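Fold and geometry: a report
Residue strings, one per chain:
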Amino acid sequence: MGKPRPHADAPPTDAPRLDTPPAGAPGADRPPGEASAGDGAGSVGEPRTATDSRARRAGCAYAEDAEWAVEEVVRRYGDVPVCLVGRGIGGRAALRAAGHPAVASVVALGPVLDGADGVDGTDDAEPVRHLRGRHVLLVHGTNDTRTDPELSFRFAERAKKVNAQVCRFEVHTDGHGLRGYAAEVAALTQDFVLGTLCARDLCRPLTDALAAPPPLGLRMPLASGFGKSLR
């Protein structure tokens, strides 16, 4: 997501769509029915889990898609800050692509992460050092049965050691799709994106989560009805 631009600066109607990669772009030859970078699902009727090797490979492939999309934003609009937002496998892709210089922040909703806990950069551990200088928000449902919430907590713990601007929220009793508290998750994400891209003040729960030491700032509960007071 880049900085909002007036309609007058919008690309011409004949410009290629960002959601339709041209030939040769990452994902351009992906078969129909494959999951998009943000939905965390597999082929139709074939759900993935965190232990599914195909899901792990897909996360890396979608990271390439996300990096290509950031490059397209830079090519079209120049030096604008970007926030990457992804859910499920798309959350992992967003986190992995966040090292691009244009990325100012990243949101991972119920990310599908690898369970390895080796030293950063080895033993298949999810990398975190590239997140330095970025604002990072993770949100996970405590009843997620498709990807263990503890994996995102452990990831956030490691990321917090190299970057203080990391926070994580837990949505109690919600599952993988975060559908039970969809409005609250959307309000939290919107506040984070606008705050990190447009220099707006972040809401109190986000500022408290970013300032709190682990594990408090990494296990912040997302209150029911959050966002109503922001409107």
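Definitions and limits used
- Residues numbered from 1 in each chain as written.
- Predicted model: local features only at pLDDT ≥ 70, side-chain atom pairs only at ≥ 80, totals over all residues.
- Heavy atoms only, no water.
- Helix = DSSP H or I, 4+ residues; strand = E, 2+ residues; numbered from the N terminus.
- Buried < 20%, exposed > 50% of the residue type's maximum accessible area, 1.4 Å probe, protein only.
- Contact = heavy atoms within 4.5 Å.
- Areas by Shrake-Rupley, 256 points an atom, 1.4 Å probe, with all protein chains shown as cover.
- Phe/Tyr/Trp six-rings, centres within 6.5 Å; stacked < 30°, edge-to-face > 60°.
- Lys NZ or Arg CZ within 6 Å of the ring centre and 35° of its normal.
- Core = buried A, V, L, I, M, F, W, Y, C linked by side-chain atoms within 4.5 Å.
- Pairing = 2+ DSSP bridges.
- Axes fitted to C-alpha atoms, helices over the stretch in contact; angles between N-to-C directions.
- Arc of directions from axis to C-beta.
- pLDDT = per-residue confidence, 0-100.
- Salt bridge = Lys/Arg side-chain N within 4 Å of Asp/Glu carboxyl O.
- Polar contact = N/O pair within 3.5 Å; in protein donor to acceptor, adjacent residues only side chain to side chain.
- Expected span 1.5 Å × (residues − 1).

**So, the overall build of the protein chain**
Looking only at helices and strands, the protein chain features 5 helices and 5 strands. Here the protein chain, with 231 residues, has 45% of them falling under the buried criterion. For the protein chain, the share of sequence-separated contacts (at least 6 apart) that also reach a separation of at least 24 residues comes to 69%. Accessible area of the protein chain: about 11500 Å², with a carbon and sulfur share of 54%.

**Description of the packing of aromatic side chains**
With the rule as written, the count across this model stands at 0 aromatic pairs. Here the guanidinium or amino end of Arg219 rests over the ring plane of Phe153, the centre of that ring lying 3.7 Å away.

**Brief notes about the nonpolar core**
In terms of nonpolar packing, the biggest core is built from 26 residues, with Leu84, Leu95, Val106, Leu138 and Phe155 touching the most fellow members. Elements that contribute at least two residues to this core include exactly α1 (53–77), β1 (82–87), α2 (89–97), β2 (103–109), β3 (135–141) and α3 (149–162). Per-element accounting of this core gives the leading share, 5 residues, to α3. Those residues in contact with Leu95 that lie beyond four places of it in its chain are Val106, Ala108, Pro111, Leu113, His130, Leu131, Val136, Leu138 and Phe155.

**Quick look at the sheet that holds β1**
Pairing is parallel in the open sheet, where 5 strands are placed in the order β1-β2-β3-β4-β5. Looking along the sheet, the strands with just one partner apiece sit at the ends: β1 and β5 (220–221). Bridging between β2 and β3 involves 5 bridges; their strand directions are parallel. The residue bridging Val107 from the neighbouring strand is Leu137, located in β3. Against the sheet, helix α4 (residues 182–198) makes contact with β1, β2, β3 and β4 (166–171), and its axis sits at roughly 170 degrees relative to β2, the strand it touches most. Each of β3, β4 and β5 touches helix α5 (residues 204–211); the most contacted strand, β4, lies at about 120 degrees to it.

**Focus: α5**
Turning to α5, its buried residues number three or more, namely Leu206, Ala209 and Leu210. The arc that holds every buried residue of α5, seen down its axis, measures 95 degrees, which confines them to one face. In this structure, α5 carries Arg204 and Ala211 as exposed residues pointing more than 90 degrees from its buried face. Those residues of α5 hidden inside the fold are in contact with β3, α3, β4, α4 and β5.

**Side note on the confidence of the model for the protein chain**
Summing up the model confidence of the protein chain, the mean pLDDT is 80 and the portion of residues at 70 or higher is 70%. Note that residues 30–52 has pLDDT below 50 and, in this model, 46 contacts with residues that lie over four places away or in other chains. Every residue in residues 118–123 is under pLDDT 50, and counting partners more than four places away or in other chains gives 9 contacts.

**As for the pattern of salt bridges**
All chains considered together, the criterion is met by 8 salt bridges. Ionic contacts of the salt-bridge type, sharing partners, join the residues Glu150, Arg168, Glu170 and Arg219 into one network.

**Re the side chain of Glu126**
In this structure, Glu126 sits in the loop between β2 and β3. Using a relative accessible area of 3% as the deciding quantity, one classes Glu126 as buried. Separated by 2.5 Å, the side chains of Glu126 and Arg92 make a polar contact. A polar contact of 3.1 Å, which involves the side chain of Glu126, links it to the side chain of Arg96.

**Details of α4**
Across its 17 residues, α4 extends 23 Å between first and last C-alpha, which sits within 8% of the 24 Å expected from 1.5 Å per residue. Burial of α4 is extensive: 12 of the 17 residues sit out of reach of the surface. For α4, the complete set of buried residues consists of Glu184, Val185, Ala187, Leu188, Thr189, Asp191, Phe192, Val193, Leu194, Gly195, Thr196 and Leu197. Elements in contact with the buried residues of α4: β1, β2, β3, β4 and α5. Just past α4, the residue Ala199 takes up positive phi, approximately 60 degrees.

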